[in-house]
Amino acid sequence: MNRVFIKTYGCQMNERDSEAVAALLRARGYAIVDDEAAADVVLLNTCSVRDQAEQKAIGKAGYLKRRRRTNPRFVLGVMGCMAQNRGRDLLDQLPDLDLLVGTQKFHLVPDHLDRIIESLAAQGPRPATIVDLAAEEGSQNTIRDHLPQEKRVSAFVSIMQGCNMSCTFCIVPKTRGEERSRPIEAIVEEVEGLVAGGVREVTLLGQIVTSYGRGTIPDRAGKSPFVQLLERLEQIPGLARIRFTSPHPRGFKRDLVEAYRDLSKLCEYIHLPLQSGSDRMLRAMNRPYNVTLYRRIVDDLRAVHPEMYFSTDIIVGFPGETDDDFTATREVFREVGYDMAYIFKYSIRTGTPAATLPDQVPQEVKEARNQELLALLEAQSLRRNQALVGTVQEILVEGPGRRPERFTGRNRGNRVVHFPGSDRLIGRLVPVRIERATVSSLYGLPEVEAIHEIAGGPASAEPARHSA
Ligand code: SAH
Ligand code: F3S
């Protein structure tokens, strides 16, 4: 039996890539298992954004290779960003890998595994590591297969790959290559297929989704290719919610602000990376916008949606960041009032321009700044959640929670909500009255009449807030 376990590190893009690999493997006759110990093949889909993520995967691979002692046919592969970033050099540290696959070659994993397993079955000498790291034209079109999963309500959809920016701290342009977009039609078809299988919410993924289709798809009626894509998805019956990650402040134009006003399925939640609230730092990071522009986008979005939820990425301790720079970041952080944020301590990435800058910030300063923003985030997040107590929120029900009879879902702002429910509610939009709030969760009771209506009737194609 060829049982494969895939462990994923890092971002949603990686999760999506892993799913696509799993779907291809299953189509080839492999079994995808959740139990690492029961697998004959373990694939690590890796992340390179920070050193810590790389070290974790290297440690894991070192630990896993010992399984060969008892099972000589055990297969170990590393795929994704770290494979791309470190290349063959990784084999100095991990000589026992059977497979090293880059970010544009995920679709070839089944072929490679077939070959490895065949030669191991022939019981000859162990074949040399298969290394497949080249760039491949059209690879953006290969991440399209999904695992048919019962009762899956929400799905990631990769709309583009790569990044053409050159933020001085970032390894992603190296690991993910040049920006390439999939055609609108192919994405629409994929989403229609997902909806036919029960999906009600999609999250569109790209390094900079606001650059989607630029250079290949013309603007139409003042609308960027990305907004054209959103408008097409809005039309898909049965799809209830659209999210995406991440836009870039530079490409955030009026047409996208208006999409938030005009498209009812586009959730009023946005992840808009700030990185720093100091213009001086933004310049050093080679981020082509300033805090004034960023604030304007936030104001414009709040003007069309006063309830808008904001999330962001922040780097603390970028080389040369002074107390004043950090204070500026903290002020913007407070002013925007982020509901959610990923706060990163700057991590040196060899080969990026910032790696060799003087004035690297001491680790304990990074740590202190990190803690300060985390505390602020916690307070802001709690305040937002508490403000929702007493309101009725539209919840897309995802599935059972950890406690019996408890179900979980999310409101349009992506806040997790727990409530009593039943299997029949999965995939439905249910109004829930919020009774209690913590930093990370909301607790509530479904509006009973509405449940009967929704759960009893046929699946409604429109969000409940329109039919209520
Ligand atoms: N284009 C993507 C960014 C991918 S990297 C997006 O906008 O979503 C995800 C985040 O990791 C970045 O936004 C940044 O905040 C953080 N990051 C990237 N390189 C880093 C580094 N060297 N050290 C610390 N954080 C980093
Ligand atoms: Fe990285 Fe900047 Fe692109 S953060 S992914 S180089 S926009």
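Bear in mind that the values here come from a model prediction, so they are computed numbers and not experimental data. (Residues numbered from 1 in each chain as written. Chains lettered and ligands numbered in written order. Predicted model: local features only at pLDDT ≥ 70, side-chain atom pairs only at ≥ 80, totals over all residues. Heavy atoms only, no water.)

Notes on the nonpolar core
Okay, step 1: Ranked by size, the top nonpolar core spans 64 residues in total, and within it Ile 159, Leu 204, Phe 226, Leu 230 and Phe 244 carry the most contacts.
Okay, step 2: Looking at this core element by element, the count peaks at 6 residues for helix H7 (residues 184-196).
Okay, step 3: Inspection of this core shows a minimum of three residues originating in each of domain 2 (149-267) and domain 3 (280-386).
Okay, step 4: In contact with Leu 230, other than residues within four places in its own chain, are Leu 204, Ile 242, Phe 244, Leu 256, Ala 259, Leu 263 and Leu 266. (Core = buried A, V, L, I, M, F, W, Y, C linked by side-chain atoms within 4.5 Å. Buried < 20%, exposed > 50% of the residue type's maximum accessible area, 1.4 Å probe, protein only. Helix = DSSP H or I, 4+ residues; strand = E, 2+ residues; numbered from the N terminus. Domains from an automatic or database assignment. Contact = heavy atoms within 4.5 Å.)

Observations regarding the site of ligand 2
Okay, step 1: Cys 163, Met 165, Cys 167, Phe 169, Cys 170, Val 172, Pro 173, Gln 207, Ile 208 and Arg 287 make up every residue found near ligand 2.
Okay, step 2: Among the residues forming the shell around ligand 2, the class breakdown is 8 nonpolar, 1 polar and 1 charged. (Near = heavy atom within 4 Å. Nonpolar A, V, L, I, M, F, W, Y, C, P; charged D, E, K, R; others polar.)

Some points on the pattern of salt bridges
Okay, step 1: Tallied over the entire structure, the rule returns 39 salt bridges.
Okay, step 2: In this structure, Glu 36 engages Lys 60 in a salt bridge whose closest nitrogen and oxygen atoms are separated by 2.9 Å. With Glu 36 in the loop between strand S2 (31-32) and strand S3 (41-46) and Lys 60 in helix H2 (residues 51-64), the pair connects residues that are 24 residues apart, well separated along the chain.
Okay, step 3: Among the residues examined, Glu 36 registers a relative accessible area of 19% and is labelled buried.
Okay, step 4: Across the pair Glu 331 and Arg 330 runs a salt bridge, and its minimum N-O distance is 4.0 Å. (Salt bridge = Lys/Arg side-chain N within 4 Å of Asp/Glu carboxyl O.)

Structural notes on the sheet that holds strand S7 (residues 154-158)
Okay, step 1: Overall, parallel pairing links the 3 strands, which are arranged S7-S10-S11 in an open sheet. Every other strand in the sheet has two partners, leaving S7 and strand S11 (241-245) as the edge strands with one partner each. Strand after strand, the sheet turns through a mean of 25° between neighbouring axes, direction not considered.
Okay, step 2: As defined by bridge partners, S7 adjoins strand S10 (residues 201-205) across 5 bridges and the pair is classed as parallel. (Pairing = 2+ DSSP bridges. Axes fitted to C-alpha atoms, helices over the stretch in contact; angles between N-to-C directions.)

Quick word on the site of ligand 1
Okay, step 1: Around ligand 1, a shell composed of 14 residues is seen, among which Gln 207, Ser 246, Gln 275, Asp 313 and Ser 347 lie nearest.
Okay, step 2: In the environment of ligand 1, a nitrogen atom lies 3.0 Å from a nitrogen or oxygen atom belonging to the backbone of Phe 169.
Okay, step 3: With respect to ligand 1, the backbone of Gln 207 contributes an N or O atom lying 2.8 Å from a nitrogen atom.
Okay, step 4: Contributing elements (two or more residues each) for the shell around ligand 1: strand S13 (309-316) and strand S14 (340-345).
Okay, step 5: The residue inventory of the shell around ligand 1, partitioned by class, reads 6 nonpolar, 4 polar and 4 charged.
Okay, step 6: Shared between two domains, the shell around ligand 1 takes at least three residues from each, and those domains are domain 2 (149-267) and domain 3 (280-386). (Polar contact = N/O pair within 3.5 Å; in protein donor to acceptor, adjacent residues only side chain to side chain.)

Focus: the packing of helix H9 (residues 254-262) against helix H11 (residues 291-304)
Okay, step 1: It is at 9 Å that the axes of H9 and H11 come closest, and there the two elements cross at 25°. When the axes of H9 and H11 are compared, the pair comes out roughly parallel. Viewed along their axes, H9 and H11 form a crossing whose handedness is right-handed. Mapping the contact onto sequence places Arg 254, Val 257, Tyr 260 and Arg 261 in H9 and Asp 300, Leu 301 and Val 304 in H11.
Okay, step 2: The residue makeup of the contact of H9 with H11, split by class, is 4 nonpolar, no polar and 3 charged. (Parallel < 35°, antiparallel > 145°, perpendicular 65-115°, else oblique. Left-handed = near helix turned anticlockwise from the far one by under 90°.)

Remarks on helix H12 (residues 323-336)
In an α-helix, one turn spans 3.6 residues; hence positions three or four apart end up facing the same way.
Okay, step 1: Here H12 spans 20 Å end to end across 14 residues, near enough to the 20 Å set by a 1.5 Å rise per residue.
Okay, step 2: All of the buried residues along H12 are Asp 325, Phe 326, Thr 329, Arg 330, Val 332, Phe 333 and Val 336. Buried residues of H12 fall within an arc of 165° about the axis and therefore sit on the same side. Exposed and oriented more than 90 degrees from the buried face of H12 are Asp 323 and Asp 324.
Okay, step 3: Of the surrounding elements, those touching the buried residues of H12 are helix H10 (279-284), H11, S13, S14 and helix H13 (363-387).
Okay, step 4: After H12 finishes, the residue Gly 337 shows a positive phi value of roughly 70°. (Expected span 1.5 Å × (residues − 1). Arc of directions from axis to C-beta.)

Overview of the sheet that holds S3
Okay, step 1: Read across the open sheet, the 6 strands follow the order S2-S1-S3-S4-S5-S6; overall the sheet is parallel. Two strands close off the open sheet at either side, each with one partner strand: S2 and strand S6 (130-132).
Okay, step 2: In this structure, strand S5 (residues 99-101) lies alongside S6, joined through 3 bridges in parallel fashion. Along S6, the bridge assignment pairs Val 101 with Asp 132.
Okay, step 3: Docked against the sheet, helix H1 (residues 12-27) engages strand S1 (3-8), S2, S3 and strand S4 (75-80), running at close to 170° with respect to S1.

Points about the packing of H12 against H13
Okay, step 1: At a minimum axis separation of 11 Å, H12 and H13 run at an interaxial angle of 10°. It follows that H12 is roughly parallel to H13 by the angle criterion. Of the residues in H13, those in contact with Asp 323, Phe 326, Thr 329, Arg 330, Phe 333 and Arg 334 of H12 are Arg 369, Glu 372, Leu 373, Leu 376, Leu 377 and Gln 380.

With respect to the environment of Val 397
Okay, step 1: Looking at the element boundaries, Val 397 is found in strand S15 (residues 392-400).
Okay, step 2: The residues contacting Val 397, other than those within four sequence positions of it, are Val 153, Phe 407, Thr 408, Gly 409, Phe 419, Leu 425, Ile 426, Gly 427, Arg 428 and Val 430.

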